[in-house]
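Overview (structure and organization)
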Amino acid sequence: MSQLKAAASPAAAKPAALQPIDRETLWDRAYAALREALLSGRYEPGHRILLREVAGELGISLTPVRDAVNHLIAERILRRGTGGQGGGAVVPEVDADQLRQLLMMRAELESRAALEAVAHATPEDVDTLRRLVADMKRLIDVDGHQGYLEVHRQFHFHIYGLSRLDIIEDAIETLWLRCGPVLNFVLAEYVPHLKRMDYHAVAVEALARGDAEATAHAIRCDILEAGRYIQTLLQRGRGGRA
């Protein structure tokens, strides 16, 4: 009997250990959210990203947000704000020459991804891309063009995802992280240019008929012609910086 009591004693059996909170999940969430905001052009060049504001929007503590921001600074996507790590970060300004280099790399990589995408595109992909083009045409006339840049990103990366070139797609995303804020900055002035020539629609129809060269050419023209126009805007204002 005494042996049974000993076995039932609280001291004889340890309670189940508490499961640790996966801090990496919170870090990933903050990092992904900030990348998404930059890719979609939510922040303009020079915008100050405050850790407390981001943490409040995401509903998490400061530590994972600080880790995510530090990682983006190490990747040279963001610049350290004043006041050290507690000062958050700043979206870097981009001058006309830096933008020219970024767009040169984008044109090469994205046209190649578009070329490869044609071999893997399905009718469903074509329907999705046509819908995204229609959404862009609608959103460009909405006051403030809200949502346009997000749909624009979805369109391009749907094509690049079809390429099955994972390493190239990662490189393209890094370039977009540097370019996204500039697109936000100049979008209002760029709207008339967007309405004159729609290379997005041209690319979709080329992809639909299986013409890889024409698809790649449309994407290249979209990037380079937009780049030339945006560089002109940058050179006119703020001493050539955005």
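Residues numbered from 1 in each chain as written. Predicted model: local features only at pLDDT ≥ 70, side-chain atom pairs only at ≥ 80, totals over all residues. Heavy atoms only, no water.

Going by the annotation in an unreviewed UniProt entry, the name recorded for the protein is GntR family transcriptional regulator, with Bordetella flabilis given as the source organism.

This part is about the packing of aromatic side chains. Taken as a whole and judged by the stated rule, the model has three aromatic pairs. Note on Trp-27 and Tyr-31: the rings are 5.1 Å apart at their centroids and 10° apart in plane angle, and the pair reads as stacked. Taken together, the positions of Trp-27 and Tyr-31, both in helix H2 (residues 23–39) and four residues apart, correspond to about one turn of that helix. On the basis of relative accessible area, Trp-27 is assigned to the buried category, the value being 18%. Geometrically, the ring pair formed by Phe-157 and Tyr-160 is edge-to-face, given 5.6 Å between the ring centres and 75° between the ring planes. Taken as a pair, Phe-157 and Tyr-160 lie in helix H7 (residues 148–162) at a separation of three residues, close to a single helical turn. Pair check on accessibility: Phe-157 and Tyr-160 agree, each one buried. Clustering of aromatic rings is evident, with ring pairs tying together Phe-157, Tyr-160 and Trp-176. (Phe/Tyr/Trp six-rings, centres within 6.5 Å; stacked < 30°, edge-to-face > 60°. Helix = DSSP H or I, 4+ residues; strand = E, 2+ residues; numbered from the N terminus. Buried < 20%, exposed > 50% of the residue type's maximum accessible area, 1.4 Å probe, protein only.)

Overall, antiparallel pairing links the three strands, which are arranged E1-E3-E2 in an open sheet. A single partner strand is all that each edge strand has here, and the edge strands are strand E1 (48–49) and strand E2 (79–80). Sheet topology note: the E1/strand E3 (residues 89–90) ladder contains two bridges and is antiparallel. Bridge assignment links Ile-49 to a residue of E3, and that residue is Ala-89. (Pairing = 2+ DSSP bridges.)

This part takes up the environment of Pro-181. Within the fold, Pro-181 resides in helix H8 (residues 166–196). Along the sequence, Pro-181 and Val-94 sit 87 residues apart, while their C-alpha atoms lie 9.1 Å from each other. Beyond its immediate stretch of four places on either side in the chain, Pro-181 contacts Leu-38, Tyr-43, Glu-44, Pro-45 and Val-91. (Contact = heavy atoms within 4.5 Å.)

This paragraph deals with the packing of helix H6 (residues 123–139) against H7. Two quantities define a packed helix pair, namely the angle between the helix axes and the distance between the axes. Closest axis-to-axis distance for the H6/H7 pair is 9 Å, and the angle between their directions is 160°. Here H7 runs roughly antiparallel to H6, going by the angle between their axes. Where H6 crosses over H7, the handedness of that crossing is left-handed. Only Tyr-148, Val-151, His-152, Gln-154, Phe-155, His-158, Ile-159 and Leu-162 of H7 make contact with H6, whose side of the interface consists of Asp-125, Thr-128, Leu-129, Leu-132, Val-133, Asp-135, Met-136 and Leu-139. Looking at the contact of H6 with H7, its residues break down into ten nonpolar, four polar and two charged. (Axes fitted to C-alpha atoms, helices over the stretch in contact; angles between N-to-C directions. Parallel < 35°, antiparallel > 145°, perpendicular 65-115°, else oblique. Left-handed = near helix turned anticlockwise from the far one by under 90°. Nonpolar A, V, L, I, M, F, W, Y, C, P; charged D, E, K, R; others polar.)

For Ala-55, the position within the fold is in helix H3 (residues 51–58). With a relative accessible area of 5%, Ala-55 lands in the buried category. Ala-55 has contacts with Ile-60, Ser-61, Leu-62 and Val-65, leaving out every residue within four places of it along the chain.

For the rest of this paragraph, the subject is helix H9 (residues 199–208). Turning to H9, its buried residues are Tyr-199, His-200, Ala-203, Val-204, Ala-206 and Leu-207. Looking straight down H9, one finds its buried side chains confined to an arc of 165°; they lie on one side. Two to three positions downstream of the cap, the backbone nitrogen of His-200 sits 3.1 Å from a side-chain oxygen, assigning the N-cap of H9 to Asp-198. Remark: Gly-210 follows H9 within two positions and exhibits a positive phi of approximately 80°. (Arc of directions from axis to C-beta. Polar contact = N/O pair within 3.5 Å; in protein donor to acceptor, adjacent residues only side chain to side chain.)

Take the side chain of Arg-35 next. Along the chain, the position of Arg-35 falls in helix H2. Residue classification places Arg-35 among the buried residues on the basis of a relative accessible area of 13%. Among the polar contacts made by the side chain of Arg-35, one reaches the side chain of Tyr-31 at a distance of 3.0 Å. One polar contact links Arg-35 to Glu-173, side chain to side chain, over a distance of 2.3 Å.

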